[in-house]
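Descriptive analysis of the structure
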Amino acid sequence: MIEVVAELSRGPVFLAGEALECVVTVTNPLPPTATSASSEALAWASAQIHCQFHASESRVALPPPDSSQPDVQPDSQTVFLPHRGERGQCILSTPPKILFCDLRLDPGESKSYSYSEVLPIEGPPSFRGQSVKYVYKLTIGCQRVNSPITLLRVPLRVLVLTGLQDVRFPQDEAVAPSSPFLEEDEGGKKDSWLAELAGERLMAATSCRSLHLYNISDGRGKVGTFGIFKSVYRLGEDVVRREQSFWVSLQTEERVQPEYQRRRGAGGVPSVSHVTHARHQESCLHTTRTSFSLPIPLSSTPGFCTAIVSLKWRLHFEFVTSREPGLVLLPPVEQPEPATWTGPEQVPVDTFSWDLPIKVLPTSPTLASYAAPGPSTSTITI
């Protein structure tokens, strides 16, 4: 029996373009006092990052798979296929890397191996929607001699910041200074530089504040004024606004691209779905000004767009207005003598909605890992 443990050194959340580092430890769990005949051996171990795509058949009409390029020995148990047994199709993968070959462990012996790989910057973000799902995993395959391959999967969460695809790592030392007293390899320099650049871009995009006012009206005239200081946010921020009477929801809109939409008559469902992440309701009768705050969950997915689906964020407002502007809803201010006043039992009202698009960007992967912790260690016994 051999125990294989994979541990992500910095948590399960990464920014596309960053280097993922994982320590794989292989142990013979038998006590050292066991006989030498109890030694265990593995023929090899390999690791690979891949992204699985799965689409809802009732919402998305995908083209038929290309039969001219069949999978290589998909049913073989001796070929390393990281996505074997997974739902959907593998749309993105890194080249496999061999961790070791012909490993033999005596009772109580343990050996560790380091795996490092840059997450593809051109891939989609991690997303679990109603129409499609993009799921990232690090898969480690191990095999004994004359035995099937055993797969150990470590779930990952990948955030994508648009615009980093065209940025090149500076080669000039004057552009990318480093301390002569610290030893840092080229990969570590690039990873640190990319994270710093992403942080600067996120700060620049979300720190700009400028008051914009929107006059909200229905068929009978002006209902109120909505004030917004910015429309770009990061995961984990609060959307704070001034407003009149309202019901407001923080929502995402998942929309299937037109060429992949399934027709209603063919048994499909609507190609647009909305998910509410936070909601605020307030009765503001006779209130001149009020405010609200809606937190953006760190576990949610920032807006993105692929060839099949797009995800956008919005503030969805619902207003309730009286049909009779002159209706008395408060007792008279001055009365000649004490009297009992009873408000109207029924008030005819109208409702209407209004949507305000906002932009939600990623946040620091370290912050996302701490706020919404996921499993950083996976174990399997062979």
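Scroll up to find the structure.
The model shown is predicted, which means the values in this text are computed figures rather than measured ones. (Residues numbered from 1 in each chain as written. Predicted model: local features only at pLDDT ≥ 70, side-chain atom pairs only at ≥ 80, totals over all residues. Heavy atoms only, no water.)

**Structural notes on the overall build of the protein**
Summing up its helical and strand segments, the protein has 2 helices and 21 strands in all. Expressed as a percentage of the 382 residues in the protein, the buried residues total 40%. Partitioning the intrachain contacts of the protein with sequence separation of at least 6 by distance along the chain shows that 76% fall at a separation of at least 24. (Helix = DSSP H or I, 4+ residues; strand = E, 2+ residues; numbered from the N terminus. Buried < 20%, exposed > 50% of the residue type's maximum accessible area, 1.4 Å probe, protein only. Contact = heavy atoms within 4.5 Å.)

**A short note on the packing of aromatic side chains**
One pass over the structure, following the stated rule, counts 9 aromatic pairs. Measuring from ring centre to ring centre gives 5.7 Å for Tyr 214 and Trp 354, while their planes differ by 55 degrees; the resulting arrangement is tilted. Placement of the pair is Tyr 214 in strand β11 (residues 212–218) and Trp 354 in strand β20 (residues 349–361), with a sequence separation of 140 residues. Tyr 214 gets classed as partly exposed once you look at its relative accessible area, which sits at 32%. When the centroid spacing of 5.9 Å and the interplanar angle of 10 degrees are considered together, the rings of Phe 317 and Phe 319 count as stacked. Of the residues examined, Phe 317 reaches a relative accessible area of 0% and is grouped as buried. Look at Phe 319 and you get buried, because its relative accessible area is 1%. An aromatic cluster of at least three residues, connected via ring pairs, comprises Tyr 214, Phe 292, Phe 317, Phe 319, Phe 352 and Trp 354. (Phe/Tyr/Trp six-rings, centres within 6.5 Å; stacked < 30°, edge-to-face > 60°.)

**Considerations on a nonpolar patch on the surface**
There is a patch of nonpolar side chains on the surface, built from Leu 211, Leu 213 and Phe 229 and spanning about 260 Å² of accessible area. For Phe 229, the position within the fold is in the loop between β12 (221–228) and β13 (232–234). (Patch = residues over 30% accessible without salt bridge, like charges linked within 9 Å, V, L, I, M, F, W, Y side chains within 5 Å. Areas by Shrake-Rupley, 256 points an atom, 1.4 Å probe, with all protein chains shown as cover. Salt bridge = Lys/Arg side-chain N within 4 Å of Asp/Glu carboxyl O.)

**Considerations on the pattern of salt bridges**
Applying the stated rule across the entire model yields 8 salt bridges. A salt bridge links Arg 10 to Glu 18, with the shortest nitrogen-to-oxygen separation between them at 2.9 Å. On the basis of relative accessible area, Arg 10 is assigned to the partly exposed category, the value being 30%. A relative accessible area of 3% places Glu 18 in the buried class. Its salt-bridge partner being Glu 86, residue Arg 153 comes within 3.6 Å of it at the nearest N-O pair. Separated by 67 residues along the polypeptide, Arg 153 in strand β10 (residues 149–159) and Glu 86 in the loop between β4 (40–55) and β5 (89–93) bring together distant segments of the chain.

**A look at the environment of Ala 368**
On the secondary structure map, Ala 368 appears in helix α2 (residues 365–371). When the C-alpha positions of Ala 368 and Pro 12 are compared, they lie 9.1 Å apart, and in sequence the two are 356 residues distant. Residues within four places of Ala 368 in sequence aside, it is in contact with Val 13, Arg 157 and Thr 363.

**Details of the pairing of β4**
Two faces belong to every sheet, and in a regular strand the side chains alternate between them. Within β4, 13 of the 16 residues are buried, which leaves the element mostly enclosed by the surrounding structure. Note: β4 against strand β6 (residues 97–105), 7 bridges, orientation antiparallel. Counterpart to Ala 47 in the pairing with β6 is Lys 97. Pairing of β4 with strand β9 (residues 132–143) involves 12 bridges; the strand directions are antiparallel. Bridge assignment links Cys 51 to a residue of β9, and that residue is Tyr 136. Pairing analysis gives 4 bridges linking β4 to β5, with the strands arranged antiparallel. In the sheet register, Phe 53 faces β5, and the bridge partner there is Gln 89. (Pairing = 2+ DSSP bridges.)

**Points about the nonpolar core**
Among the nonpolar cores identified, the biggest contains 46 residues, and Val 4, Leu 20, Val 132, Tyr 134, Leu 138 and Leu 156 are the most heavily contacted of them. Taken together, the elements giving at least two residues each to this core come down to β1 (3–8), β3 (19–27), β4, β6, β7 (110–118), β9, β10 and β19 (309–322). Taken domain by domain, this core gets at least three of its residues from each of domain 1 (3–64 + 76–161 + 366–381) and domain 2 (207–263 + 270–324 + 348–361). Counting 29 residues, the second largest nonpolar core, distinct from the first, contains Val 239, Leu 250, Leu 294 and Val 360. (Core = buried A, V, L, I, M, F, W, Y, C linked by side-chain atoms within 4.5 Å. Domains from an automatic or database assignment.)

**Observations concerning the side chain of Ser 300**
The residue Ser 300 is located in the loop between β17 (290–295) and β18 (304–305) in this model. Under the relative-accessibility criterion, Ser 300 is labelled buried at 7%. Ignoring any residue separated from it by four or fewer positions in sequence, one finds Ser 300 in contact with Arg 157, Leu 235, His 277 and Trp 313.

**As for the sheet that holds β7**
Strands in a sheet are paired, the pairing made by backbone hydrogen bonds, and the direction either parallel or antiparallel. Here 4 strands make up an open sheet; going across it, the order is β7-β3-β1-β21 and the pairing antiparallel. Across the chains shown, the open sheet's two edge strands, defined by having one partner strand only, are β7 and β21 (377–381). Shown here is a sheet whose adjacent strand axes are inclined to one another by a mean of 15 degrees, direction ignored. (Axes fitted to C-alpha atoms, helices over the stretch in contact; angles between N-to-C directions.)

**Digging into the side chain of Lys 137**
Here Lys 137 shows up in strand β9. The buried category is assigned to Lys 137, whose relative accessible area is 18%. A polar atom in the side chain of Lys 137 sits 2.9 Å from the side chain of Glu 86. (Polar contact = N/O pair within 3.5 Å; in protein donor to acceptor, adjacent residues only side chain to side chain.)

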